[in-house]
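# A closer look at the structure
Here is what each chain is made of, one letter per residue.
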Amino acid sequence: MPKIKLMSHLVAGYPTDEISFQAASAMVKGGADILEIQLAFSDPSADGPAIQEACTEVLSRHYRVSDGLAFIAKIHKAFPQTTIYLMSYASLVYTPGVENFCKRASEAGVRGMIIPDLPFDHDEGLTAACKKYGMENIPVASPSMDEARLSQMAHAGFPHIYASLRVGITGTTTVIDDETLQFISKVREGGSAVYGGFGISTGEQSKAIANSVEAVIAGSVFVRLIKKYAHDEKALSEAVEAKARELCGLR
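The text that follows walks through the structure, step by step, so that each part is easy to find. (Residues numbered from 1 in each chain as written. Predicted model: local features only at pLDDT ≥ 70, side-chain atom pairs only at ≥ 80, totals over all residues. Heavy atoms only, no water.)

## Quick look at the sheet that holds strand E1 (residues 6-11)
- Strand order in the open sheet formed by nine strands is E5-E4-E3-E2-E1-E9-E8-E7-E6, with parallel pairing between adjacent strands. The open sheet has two edge strands with one neighbour each: strand E5 (136-137) and strand E6 (140-141).
- Against the sheet, helix H8 (residues 178-188) touches E6, strand E7 (160-164) and strand E8 (193-197), its axis set at about 155° to E7. (Pairing = 2+ DSSP bridges. Helix = DSSP H or I, 4+ residues; strand = E, 2+ residues; numbered from the N terminus. Contact = heavy atoms within 4.5 Å. Axes fitted to C-alpha atoms, helices over the stretch in contact; angles between N-to-C directions.)

## Quick word on helix H9 (residues 203-210)
- Those residues of H9 that fall on the buried side of the exposure criterion are Gly203, Gln205, Ser206, Ile209 and Ala210. All buried residues of H9 project into a common sector of 160° when viewed along the axis, lining one side.
- Residues of H9 that are buried make contact with H8, E8, strand E9 (215-218) and helix H11 (233-247). (Buried < 20%, exposed > 50% of the residue type's maximum accessible area, 1.4 Å probe, protein only. Arc of directions from axis to C-beta.)

## Remarks on the pairing of strand E3 (residues 83-87)
- Burial analysis of E3 places four of its five residues in the buried class, the great majority of the element.
- Sheet topology places strand E2 (residues 34-38) next to E3; five bridges connect them, and they run parallel. For Glu36, the partnering residue across the bridge sits in E3 and is Tyr85.

Laid out in structure tokens, this is it:
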């Protein structure tokens, strides 16, 4: 089986900028094609316990959006061949002005925005601002969407759509079954490439959806590894790289 394309998730600055950078480096070394870098937010709507805890810890250091963007710029400079998507919530984007935020994100090296609580058809100008600054808005599709709305999103012309493979919060086990694959098929029916994730943590899960998606998304599994090995630099790099390789089908 050819290498599976992987989008790996990390929270900027968790638990420190240095350790977060080390984890990102290990993800890239392990085969990650895309880094989904989250800006910590105080009231996330979709994140499970691992990512919520990471965000809380980062915010306790008075970490600001400017710190997160500086971290992203450092990652982009170190790994210019790796695509970076910024994930966060609408408040952080809307408060400074959507266009202003997108300009700053683009300058830091971001190539796509994932803002799950901004509806694709009422996005406060996010799609237009992304296009203006050479990025793309990547809307999030959920199995809880009604058929008509899901079809509307699928045919709206987005280059990529993020398919959340189940309802609820991320970080718990996702079962890949026929219903999951049918949902991905519906998201793809308008021609958009699909990124699929939410609770993906094993190579077996990754392989189960690999033929149906542009890239497999894995998040909480990496955040948990970062927490577990934060005080052992060598073990952290080895564990994160090994998990990335597993999810990419390289081991």
